Amino acid sequence: MKELEERILRDGIVEDGDVLKVDSFLNHQMDVELFRAMGKEWVRLFDGEGINKIFTIEASGIGIACVAALEFGVPVVFAKKSRTRNIAGEVYHTEVPSFTHGGVSDVIVSKRFLLPSDRLLLIDDFLANGAALEGLIGLAEQAGATVVGAGIAVEKAFQPGGERIRAKGVRVESLARIKSMTSGQLEFC
Ligand code: G4P
């Protein structure tokens, strides 16, 4: 998506350790007009797929998911990174390792909000190693819901997540796919 790529080139900052800082418009200060354009693009891409719910993970995915949900006219459910492990029964649970921060998060979603009849679009801001998306797919599988696909704002295509998720047969639509980045040089696929 040209608009997002241009914004990354204009306002994104490539930091050490393969990190792209986009906090002036994507995941700290948020440009909701840009989010609306992104939402419209996912609506176009997933037209006719019968998506009835958007499923994301806290924290940075939520804003993008909410604006996209307005364009789809469907509700949003977000998986929570939980600190309480004693949660069996009412929730689906999985573990999501963080490659960038280290450690593992317990991630949960209430059984009331994911149903076997659901046709889900997964939304997240970044696709890097794919751990967050795999966690969401795992929760959807536990619920027996259908994952129609994933809408990603920025895919770092030089990291393995995109390939891993697509290898599972999940359709991934990333609006900006970065082929390579070094300070001062960023190339899209
Ligand atoms: P994953 O998102 O594909 O699972 O990959 P990874 O485990 O490597 O990413 C860990 C966290 O870092 C994720 O956020 C992810 O969105 C974020 N991230 C990965 N690469 C970049 C990057 O280049 N720039 C920025 N700004 N973030 C990146 P999180 O910590 O799980 O959640 P949250 O930040 O949404 O709370």
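Residues numbered from 1 in each chain as written. Predicted model: local features only at pLDDT ≥ 70, side-chain atom pairs only at ≥ 80, totals over all residues. Heavy atoms only, no water.

1. Some words on helix 4 (residues 131–143)
Here's step 1: Here helix 4 spans 19 Å end to end across 13 residues, near enough to the 18 Å set by a 1.5 Å rise per residue.
Here's step 2: Within helix 4, the full set of buried residues consists of Ala 131, Leu 133, Gly 135, Leu 136, Ile 137, Gly 138, Leu 139, Ala 140 and Ala 143.
Here's step 3: Looking one or two residues beyond helix 4, the residue adopting positive phi is Gly 144, at roughly 75 degrees. (Helix = DSSP H or I, 4+ residues; strand = E, 2+ residues; numbered from the N terminus. Expected span 1.5 Å × (residues − 1). Buried < 20%, exposed > 50% of the residue type's maximum accessible area, 1.4 Å probe, protein only.)

2. Here we look at the environment of Gln 142
Here's step 1: Mapping Gln 142 onto the fold places it in helix 4.
Here's step 2: On the basis of relative accessible area, Gln 142 is assigned to the partly exposed category, the value being 40%.
Here's step 3: Along the chain, Gln 142 and Ile 152 lie 10 residues apart, while their C-alpha atoms are 22 Å from each other.
Here's step 4: Those residues in contact with Gln 142, other than ones at most four positions away along the chain, are Tyr 92, His 93 and Thr 94. (Contact = heavy atoms within 4.5 Å.)

3. Details of the sheet that holds strand 8 (residues 146–156)
Here's step 1: Read from one edge to the other, the open sheet built from eight strands follows the order 5-6-4-3-7-8-9-10, with strand pairing classed as mixed. Lying at the two open borders of the sheet, with one neighbouring strand each, are strand 5 (91–97) and strand 10 (185–188). Averaged over all pairs of adjacent strands, the angle between their axes in this sheet comes to 30 degrees, without regard to strand direction.
Here's step 2: Pairing analysis gives eight bridges linking strand 7 (residues 119–127) to strand 8, with the strands arranged parallel. Directly across from Ile 123, in strand 8, lies its bridge partner Gly 151. (Pairing = 2+ DSSP bridges. Axes fitted to C-alpha atoms, helices over the stretch in contact; angles between N-to-C directions.)

4. Let's talk about the side chain of Asp 106
Here's step 1: Mapping Asp 106 onto the fold places it in strand 6 (residues 104–110).
Here's step 2: A distance of 2.7 Å separates the side chain of Asp 106 from the side chain of His 93, its partner in a polar contact. (Polar contact = N/O pair within 3.5 Å; in protein donor to acceptor, adjacent residues only side chain to side chain.)

5. Remarks on the nonpolar core
The nonpolar side chains of soluble globular proteins are, as a tendency, buried together.
Here's step 1: Core analysis: the largest hydrophobic core is formed by 31 residues, its most contacted members being Leu 4, Ile 8, Leu 26, Met 38, Trp 42 and Ile 54.
Here's step 2: At the level of secondary structure, the elements contributing two or more residues to this core comprise helix 1 (2–11), helix 2 (32–45), helix 3 (61–72), strand 7, strand 8, strand 9 (172–182) and strand 10.
Here's step 3: The element best represented in this core is helix 3, accounting for six residues.
Here's step 4: Non-local contacts of Leu 26, meaning those with residues more than four positions away in its chain, are made with Phe 35, Met 38, Ile 64, Asp 125, Phe 126, Ala 153 and Val 154.
Here's step 5: Counting residues in each nonpolar core, the second largest holds 25 residues, with Leu 133, Leu 136, Ile 137 and Val 172 among its members. (Core = buried A, V, L, I, M, F, W, Y, C linked by side-chain atoms within 4.5 Å.)

6. Comments concerning unusual backbone geometry
Note: most residues except glycine have negative phi, and most peptide bonds are trans.
Here's step 1: At the junction of Glu 58 and Ala 59, the peptide bond is cis and its omega measures out at 5 degrees in the coordinates.
Here's step 2: The residue Ala 59 is located in the loop between strand 3 (53–57) and helix 3 in this model.

7. Concerning the packing of helix 1 against helix 2
Geometry of a packed helix pair, given as the angle between the helix axes and the separation of the axes.
Here's step 1: Where helix 1 meets helix 2, the axes come as close as 10 Å, and the angle between the chain directions of the two elements is 145 degrees. Where helix 1 abuts helix 2, its residues Glu 3, Leu 4 and Arg 7 lie against Leu 34, Ala 37 and Met 38.
Here's step 2: Here the contact of helix 1 with helix 2 is built from residues that sort into four nonpolar, no polar and two charged. (Nonpolar A, V, L, I, M, F, W, Y, C, P; charged D, E, K, R; others polar.)

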